[in-house]
Every structure is written in structure tokens, then in C-alpha cells.
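# A structural walkthrough
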Amino acid sequence: MNKKIGFIGCGKMGEAMLEGMLLAEVISPDGIMVSTASMETKTKITTKYKVKGSLDNKEVAGFADFLFLGIQPGMHKQVLEEVKEYVKEDTVIITMAAGITLSQVENNIGKKVKVVRTMPNTPSLVGEGMTAISLNDEITDADLAGVKALLNSFGKTEILQEDLMDAVPAISGSSPAYVYMFIEALADGGVRDGIPRKQAYRMAAQAVMGAAKMVLETERHPAALKDDVCTPGGSTISAVASLEESQLRSSILQAMKACTDKTKGFGK
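Structural notes, computed from the coordinates.

Criteria and thresholds
- Residues numbered from 1 in each chain as written.
- Predicted model: local features only at pLDDT ≥ 70, side-chain atom pairs only at ≥ 80, totals over all residues.
- Heavy atoms only, no water.
- Phe/Tyr/Trp six-rings, centres within 6.5 Å; stacked < 30°, edge-to-face > 60°.
- Helix = DSSP H or I, 4+ residues; strand = E, 2+ residues; numbered from the N terminus.
- Buried < 20%, exposed > 50% of the residue type's maximum accessible area, 1.4 Å probe, protein only.
- Salt bridge = Lys/Arg side-chain N within 4 Å of Asp/Glu carboxyl O.
- Contact = heavy atoms within 4.5 Å.
- Pairing = 2+ DSSP bridges.
- Right-handed = clockwise from strand over helix to strand, strands pointing away.
- Core = buried A, V, L, I, M, F, W, Y, C linked by side-chain atoms within 4.5 Å.
- Axes fitted to C-alpha atoms, helices over the stretch in contact; angles between N-to-C directions.
- Parallel < 35°, antiparallel > 145°, perpendicular 65-115°, else oblique.
- Left-handed = near helix turned anticlockwise from the far one by under 90°.
- Nonpolar A, V, L, I, M, F, W, Y, C, P; charged D, E, K, R; others polar.

In this structure the tally under the stated criterion is 1 aromatic pair. Ring centres of F7 and F68 lie 4.9 Å apart, and the angle between their planes is 15°; on these two criteria the pair is classed as stacked. Separated by 61 residues along the polypeptide, F7 in strand 1 (residues 5-8) and F68 in strand 4 (residues 66-69) bring together distant segments of the chain. Given a relative accessible area of 0%, F7 falls into the buried group.

Listed below in C-alpha cells is the structure:
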């Protein structure tokens, strides 16, 4: 890609996306500039990835054709007002924080601007990210192709209506945390039954990855895939029955509602 990429802020999520782009070789390090709040973080990022760095958000805003805002929800108004005179006319501004709407960005900039709202997740670091995106009316087909080329370089994307974006953290943005808890619980069960912990983690993680791949590649209903594993009167259906009695599904749905409710409170 011959476009320039800017990151204002480069925390865990921003770094995962940056590293994913570089690993996929969709852009070279000299085509990326990052601004950070501290010299320590700037030195860490520029040394590790050989990208350009600055302590000045305005410098990055003037550099970028695609400008990623890797900042907390409450910082958007301040940062956008700081850089609005430096953002180029055709620059695509890409938000990454929960609860920040397209109209909020437009209002903070104070003029027509190209905006893409995204909700990525940390598996982007290993090329298996899931990023939901919504677009404002200024985004062209060429803009969208560029955004998707960047985001697809470290995973997959889904385009959604903006009114669905507050539901995204619960299903894909935050859900890796739930899955890590599930993997840890599986491993603990294996350790309880005598399997060494390192092996238990590997076995549990591989089983979860394989199950997810079965859903994606076979496109069969998860319930049908579950039924394939459950022999009548067998150990798996006994385990499934126990999970139902423990209200696994209900617990997950309640957790997702808590996540969505929290998300809706951001940006206000």
C-alpha cells in the first residue's frame, strides 16, 4: 500500500493492529507514524517496529491518509479538536474505541470528514482478529477497499449498521477474555485429573481453536456440531447436561448484556 498510516495512541490494541499490518507486509514501517503520550512508549514502539514516532498528535494527523485513533473514549473530543486543522481533506479517520459514534467525530472535527468506526480485538496480533466496521456517507468504495485491506491483513471484517456497533464488544471485542477464562477452566480440570499444566493449556487451547474452525469452515449450526460429539448415554452428553444445569448459556448472555450496557455508557 502506498498510503500513509497514522496511529494517535498506541496501546495494546493499537500495537496489535500495527504489528499485524507489518507482519502481513501490507505496508512498510516507513509508511507508519505513531504518536504517544510519553517518550518511553515512543521509544519502545519505534525501536521495536522501526516506524516513525512523535510526541505531537498534530504531526501524525498531518502525515496520515488513514488515521487510527488508539485512545480512550473520553479523550476523543480533546484530541479531535487538537488535530482538526491538520487532518488532510481525504484522510480517513478510524476510531477504535467503544461507544464513539460517527456523528461525534464529525461534530468534533466541525466539517465534512471521512470516518470509519471500528471495533477490533486483540487476536489481531496473531492474524486472527475480528473487526466490525461502520461507515459514514463520505466514505467511497476506494476508501472502504483501503480500510478493509488494512484490517483484513490481520484477520476478518464485518460491515454493520452503526446502530448495531454497541453490541459488538460483547460478541467479539471483549469475548476473547471470556474464552481465555474458559480455556483456563478446561486446563484446570485437566490438571485436577493429572495432566501437566503446560500440556493442559495447549490441549485446551487447540480444542477451542479447532471447534471455532469447525464452525467457520463447515458453516454448520453449532448445535449440530455439538450433537456430533454427543454419543447417546456417553460422557460428553453428561458433561453438556451438567453445563446446562449450571446455566452456562444464561451466564454468557448475562455477561454480554453487562458488556453492552457498559459500552452504551461510553462517549456520553
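Past the structure itself, the notes keep going.
Moving on, we get to the pattern of salt bridges. Enumeration according to the criterion identifies 18 salt bridges in this entry. The partner of E19 in a salt bridge is K48, with the nearest N and O atoms 4.0 Å apart. Linking E19 in helix 1 (residues 12-23) with K48 in helix 2 (residues 39-49), this pair joins segments that are 29 residues apart in sequence. We note a salt bridge from K88 to D65, for which the minimum N-O separation is 3.1 Å. Residue K88 is found in the loop between helix 4 (76-83) and strand 5 (92-95), and its partner D65 is found in the loop between helix 3 (57-63) and strand 4; the two are separated by 23 residues along the sequence. On the basis of relative accessible area, K88 is assigned to the partly exposed category, the value being 34%.

As for its position among the elements, S134 is in strand 7 (residues 129-135). In contact with S134, other than residues within four places in its own chain, are L102, V115, V116, R117, L160, Q161, E162 and M165.

Quick look at the pairing of strand 8 (residues 155-159) now. Here 5 bridges tie strand 7 to strand 8, and the two strands are oriented parallel to one another. Following the sheet pairing, M130 is matched in strand 8 by K156. Read as a crossover between parallel neighbours, the route from strand 7 over helix 6 (residues 141-152) to strand 8 is right-handed.

I5, F7, M21, I32 and F68 are the most contacted members of the largest nonpolar core, which has 29 residues in total. Elements with a contribution of two residues or more to this core: strand 1, helix 1, strand 2 (32-35), helix 2, strand 4, strand 5 and helix 6. The leading source of residues in this core is helix 1, at 6 residues. Setting aside residues up to four positions removed in sequence, M21 forms contacts with I5, F7, V26, I27, F68, L150, S153 and F154. In terms of nonpolar packing, the next biggest core, distinct from the first, is built from 21 residues, I8, A64, V79 and I93 among them.

Turning to unusual backbone geometry, a few remarks are in order. The phi dihedral of E25 is positive, around 60°, even though this residue is not glycine. You can see E25 is positioned in the loop between helix 1 and strand 2. For E25, a relative accessible area of 69% gives the class exposed. Although it is not a glycine, E219 sits at a positive phi angle of roughly 55°. By the secondary structure assignment, E219 is in the loop between helix 9 (197-218) and helix 10 (222-229).

This part takes up the pairing of strand 4. Alternating residues of strand 4 divide into F66 and F68 and L67 and L69, and every residue in both groups is buried. By the bridge criterion, 4 bridges tie strand 1 to strand 4 in an arrangement that is parallel. Note on strand 4: the bridge partner recorded for F7 is F68. As defined by bridge partners, strand 4 adjoins strand 5 across 4 bridges and the pair is classed as parallel. Considered in strand 5, the bridge of L67 is made with I93. Of the crossover connections in this fold, the one passing from strand 4 over helix 4 to the parallel strand 5 is right-handed.

Note on placement: N108 falls in helix 5 (residues 102-109). If we skip the residues at most four places from it in the chain, N108 touches H76, K77, L80, E81 and K84.

At a closest axis distance of 8 Å, the pairing of helix 4 and helix 5 adopts a crossing angle of 40°. Judged on the interaxial angle alone, helix 5 and helix 4 are oblique. Once helix 4 is placed against helix 5, the crossing between them reads as right-handed. Contacts between helix 4 and helix 5 involve H76, K77, L80 and E81 on the former and, on the latter, V105, N108 and I109. For the contact of helix 4 with helix 5, the class distribution of residues is 3 nonpolar, 2 polar and 2 charged.

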